[in-house]
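A structural walkthrough
Residues per chain are reported as follows:
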Amino acid sequence: MPLMAVSNPHFFPSSPARYLPRATTATTAAAASSASDDFDYPLADPSLRWPNLRFPHLPAPRFPAAAAPPAPAPVSPAHVEEERAAEYPASSAAAIEPLDARAHRGRVKKLSKLALRRARDWRARVAGLADAVLALPPGAPVDDVLDDARAAPDELALVIRTLGATSWRRALDAFEWLARSGAPPPRAVAVVLGVLGRARQETVAEEVFLRFAGEGATVQVFNAMMGVYARLGRFDDVRQLLDTMRERGIEPDLVSFNTLINARAKSGCLAAGVALDLLHEVREAGLRPDVITYNTLISACSQSSNLDDAVAVFEEMIASECRPDLWTYNAMVSVHGRCGKAQEAEQLFRELVDKGFMPDAVTYNSLLYAFAKEGNVEKVEHVCEELVKAGFKKEEITYNTMIHMYGKMGRLDLAVGLYDEMRAMGCTPDAVTYTVLIDSLGKMDRIAEAGKVLEEMVDAGLKPTLLTFSALICAYSKSGRRAEAESTFDRMVASGVNPDRLAYLVMLDIFARSGETEKLMSLYRKMMKDNYRPDDGLYQVLLAALAKADQCKEIEEVIQDMQLVCQMNPQIISIILIKAGCISQGTELLKKECIQGYEPDGNSLLSMMDAYITMEKHDEGLSLLECIREHVPSSSDLISECSIMLMCKKDSIAAFEEYSRMQMLKCGSLGMDCNLYEYLITSLEEAGFFPEACQVFCDMQFISMEASKKIYESMISTYCELGFPETAHRLMDDALQSGISLNIISSRVTIIEAYGKIKCWQQAESLVKGLRLASGIDRRIWNALIHAYAESGLYEQARAVFDNMMKTGPLPTVDSVNGMMRALIVDGRLDELYVVVQELQDMDFKISKSTVLLMLDAFAKAGDVFEVMKIYNGMKAAGYLPNMHLYRSMISLLCRNNRFRDVELMVVEMEGAGFKPDLVIFNALLMMYTAAGNFDRTIQVYQSILEAGLEPDEDTYNTLIVMYCRSLRPEEGFTLLNEMSKRGLTPKLQSYKSLLAASGKVELREQADQLFKELRSKGYQLNRSIYHMMMKIYRNAGNHSKAEHMLELMKEDGIEPTIATMHILMTSYGTAGHPHEAENVLSSLKSSSLEVNTLPYSTVFDAYLKNGDYNLGITKLLEMKRDGVEPDHQVWTCFIRAASLCEQTDDAILLLNSLQDCGFDIPIRLLTERTPSLLSEVDDYLEELAALEDSAALNFVNALEDMLWAFERRATASWIFQLAVKRSIYRDNVFRVAEKDWGADFRKLSAGAALVGLTLWLDHMQDASLQGSPESPKSVVMVTGEGEYNMVSLRKTIRAYLLEMGSPFLPCRTRSGRFVVKAYSLKMWLKDSPFCMDLELKDAPALPKLNSMKLTEGCSMRAGLVSAFKEIHERLGEVWPKKFSRLALLSEESRDEVIKADIQGRKEKLERMKKQGIAVARKPRKRPQRAKFIRGQRTQVASK
């Protein structure tokens, strides 16, 4: 109960308990510590001081002696100097002592000589009595001294005051002696109360006041007790004492009100207007405020940084003609400094000097603090110099202010230097100094040094204060040093310093984040016991830690504290619980409140929705909304808006659709809340739905709703993204005119960059010019303009801006340099990049990693592998590594250039740098290996994709389909196609084309037909090549009716047939053995508007010639000439190819003579003669054909090679082969015998050309083997491919030729279309085999009567070998080449006997093995198992 709660004077002796004040928490830590130390004095207890009295009104818990009251709210170390600077003037003011003493201090009394002599004797007597009392041993009574003194009561009052300056205990003893002799006079009571107040012994002072403040109590006694409370900041108790004075008829004087104002100043920050209310209260009491009143009010405003009230009080002081003194000006300088008005503080300093006041140390320190707060080092140093010149020393407050300033600026070297100077100058650092230094070091993460400063403080004999410990604990917490923070906290508690709220909060946060729930709850309970309450943020952290540890019981305990102890709003509790992850508890609590009719507000509900979305608890959020909608019908509009906002976070487009639906229904007040539009527009903008965001903004404008800052910024960004920077520019101007404080720099940069993207650099330039004339340009604006120029490739303009920045500032940055480089790249001037780099280095610019990466990316996109590798190697040497984007670009570039080794090394380096290949890189590898035909590596890469847990995309599947099609495994391709369909992926048209082509090659005609129908049904835009491909499939199958049907479909789909189309149709007729149908097509072509060339005629010729109707073919040739169509290379090639397949030499001569009759005699002459002029003519004609398209020269040479090889003109064939290589018709590396590089690639060659090339290659390798140079590799590879040329398989032809020779070349097991041999075996065979004794190609002396080659089952082999080849393979299967060659050389009878013996020997061997029990069924060799990776993928998908 308050001290003076009643006004009846008779209650004082009988019921003093009603006047005892409440134990408050406003007592400072220092006071608490002091009080705790003084309670060990035995006479401090009233029951001991007055044993003859009973004190039933003093229960034990009232004034505990074992524990100090809770400490006040902590003060941040950053404000230590501010408080010290503010209290410094107060230390010399009357507020520190009884205000009546100051009020009378200045009065001068004129005394007579006798009175003066008596006064001196009196003072000497008082001093003597005081010295005698102080000289007594501790605990000795004062009676022996005072009994004999016979001093008057007023004289004893002075003795008590004198004793109080040294020992409040002896002063109390003297007062007790006076009280035992009778009722002490009011003056003595007031004096002893003042002594106890200065000694911070408020408990003893209360008992003295209750004992002796009876009916004779005067205003001085009340003022003294009010002064005791005022020192402690107990304003409520001072106010109650003032009211009690009035109730008892004691009129408060000015000292009473000054004490009241002083108490209010010490009780905490003054709210705005409180100072003026107190001043008005003084005037209403009929008193005139004096200088102390005004000074106390201004000092209180200074401590609260309340500038407006301080200025108002000062102006009131001037208006009331109360002259300000130095203290007044000091307080005014202080309050302006605290409020960041250093210039005004300096002006007041000059004003007080002009008015004749001499600035003291407080004045200088207050001004120094003002400049230190704004970081004006120059002014601070100047004021410090002036302070020294004025004759003052740098005091603790001076050093503390400067140390704190340098600490906040991060210049700890200067702060530590001042600390060392302070000690060197003999100025002992106090607790504030150490605290400021520890706080500054902690904020700069120099934790070890902060700990050392604390040890120095202890070594200096200073006890660390609460602020000191709090600063160090905060520093440890900030740096994550949990153990040190906990140790410091324990040390603080052990040293007797009670934790404040900040210390509790920091330690609770540490325990919560480290998951130590037992320590967390223990400290939390102690904090609650000490009457400190966590804030909402800490409750959230605490509950999150408990939820993570699944401590349900503790969570319920905390919820009860929040409800019962803290009396928190249920809605706030729910929000905290939901954000902390206690979803069920928070939801149930709010549902319970809603069922009882509680209506949540919009902002809180929206905050909860954010928490639900963050933790992906959308169902719980919707459930809560439905509960609120059901039980709080008035909140339906709010629920609708929250539903849309909830969907904004989850699915922006769904939220937009719901918003559109609600707009159409015009539900309630939906659409009238700016928050709804802000959430919807910002979420749409963040999700990239820019048109939808524009529509919502237009709806908002239609209803004349004012846009918020976020809406303006989102719409400016939206319009820029849509390519409308003019609209964004206008919107920004509207926002500025409306007084909305946008992030103006960011908005302007966005607009300028948008102008650059649409190549409107003139508008960007105009915007920057306007800014330059108005208020100057920020560096980011300049950089944006450089990038706007860069988008248009305007390097010169970008360089001009760069040079201007170098000249006038602000200085360019890396972004500026990158903009210039970007301009060169866009303009395609990559060769100038190095020149600019050199110029920048000459200007002392360090080329950043981002610039190097930009150059690397540019060269990678340009496909310059050399420059890319050069920059990349330079980066590695400099310690730079590319980012993931550049790794993708470089690897893709190297893959496109088939740099296999470089790609594999870069992938290894990338993994070593901590990057994992992503799907883009894997897809690039897939395409590279697929293009190279390395299908094994392709499948390995695909396996790596699955092992990495990546989902294959369209590119992955399309590449794999192409790979399987190229390896003639379309079945796996169809499986992947079905897999893509299941996953919703769309195959590329190229994938379908590859499947069609592969299906045609492996004769999967039904699948091809079905795939083509699927293509048409899905609406693909089929081009002419697809139809041609299907017609070729039907042509090869001899199904000319389907080819005709395909032609009709082609016309239905709006694709006009061409000559090539008709050629395919005619070829299909020819293949089916219907040359007359092909001729009918030709006739229809003649009657059409199409220009008929030699291609369709050649098709008809080919049809008749393949059918063996040579005379009809020649007749059609003559008809073509009569139709006015001159024969060309296509006709010659057709007849030469037919001649090469003629079984009789005479038939071949007949065909070639027909060509001679048409004016082309080269083929017949090549068979019958070989003159120098003929060679020259062939060379000239090949040169002529090389200029034509459609591989005219290649087809012609291939046909010649087949003919010459077939009729044993093989030297001529060799000469034509070498001439074709010279003319680049054949590749120059068609075969090679180089150092450690022996190999051949006969793809695109006809059978005859390949056999010529193979013989020449074997001859070169034989020479190298005999000479020992060039050195061979370990293995030799020959590539034939799987393709066919004019229905002749090159692989089969080469295989038959090698088998006949007994060659060690064997088919490659891992890659089709390749033959491999160990170099050692090859050399031995070339040296020892009789077939290699003479590899020289020679012409036969005369033309044979029959063709030496025969075409059988797609294989062109020597005619005499056909029967032996069939017999051996049919009876023995695959045999080794040596065995085959031996068998082939035998006569039919001998070969039959050997084969029978071989078969019988196999049977006998198998029987012996069975008898021995070791027989194992021999597994037939199989091709690599198909579709196993597809099955693996399915398994992985199923497991997921």
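Let me begin by describing the structure that accompanies this report. Since the model is a prediction, treat every value here as computed from it, not as a measurement.

Now for the environment of Gln540. Among the secondary structure elements, Gln540 is positioned in helix H30 (residues 536-548). In this structure Gln540 comes out as partly exposed when scored by relative accessible area, which is 27%. For the pair Gln540 and Gly581, spaced 41 residues apart in the sequence, the C-alpha separation amounts to 8.8 Å. When near neighbours in sequence (up to four residues on either side) are disregarded, Gln540 contacts Ile576, Lys579 and Ala580.

Bringing the pairing of strand S3 (residues 1275-1279) into the picture now. When strand S2 (residues 1237-1241) meets S3, the two strands line up parallel, connected through three bridges. Across the sheet, residue Asp1241 finds its bridge partner in S3, namely Val1279. A crossover connection joins S2 to the parallel S3 through helix H70 (residues 1247-1267); in handedness this β-α-β unit is right-handed.

Proximity of charged atoms lets side chains of opposite charge pair with each other. For the coordinates displayed, the defined rule picks out 52 salt bridges. In this structure, Glu1014 engages Lys1018 in a salt bridge whose closest nitrogen and oxygen atoms are separated by 2.8 Å. Between Arg1232 and Asp1237 there is a salt bridge; the shortest N-O distance is 3.1 Å. A network of salt bridges, in which partner residues are shared, links Glu1367, Arg1371, Arg1391, Asp1392 and Lys1396.

Ranked by size, the top nonpolar core spans 239 residues in total, and within it Leu925, Phe1242, Trp1257, Met1278 and Phe1305 carry the most contacts. In terms of residues, this core owes the most to one element, helix H68 (residues 1192-1206), which gives eleven residues. Aside from chain neighbours lying at most four places away, what touches Leu925 is Cys895, Val903, Val907 and Val941. One finds Ala171, Val208, Cys322 and Ile555 within the second-largest nonpolar core, a separate group that totals 168 residues.

A separate point is the side chain of Asn818. With respect to the secondary-structure elements, Asn818 resides in helix H46 (residues 814-826). Classification of Asn818 as buried rests on a relative accessible area of 12%. A distance of 2.6 Å separates the side chain of Asn818 from the side chain of Thr851, its partner in a polar contact. Here Asn818 is in contact with His787, Ser850, Thr851 and Leu854, once residues within four sequence places are set aside.

Thresholds, definitions, all that
- Residues numbered from 1 in each chain as written.
- Predicted model: local features only at pLDDT ≥ 70, side-chain atom pairs only at ≥ 80, totals over all residues.
- Heavy atoms only, no water.
- Helix = DSSP H or I, 4+ residues; strand = E, 2+ residues; numbered from the N terminus.
- Buried < 20%, exposed > 50% of the residue type's maximum accessible area, 1.4 Å probe, protein only.
- Contact = heavy atoms within 4.5 Å.
- Pairing = 2+ DSSP bridges.
- Right-handed = clockwise from strand over helix to strand, strands pointing away.
- Salt bridge = Lys/Arg side-chain N within 4 Å of Asp/Glu carboxyl O.
- Core = buried A, V, L, I, M, F, W, Y, C linked by side-chain atoms within 4.5 Å.
- Polar contact = N/O pair within 3.5 Å; in protein donor to acceptor, adjacent residues only side chain to side chain.

Coordinates in, geometry out; function isn't part of it.
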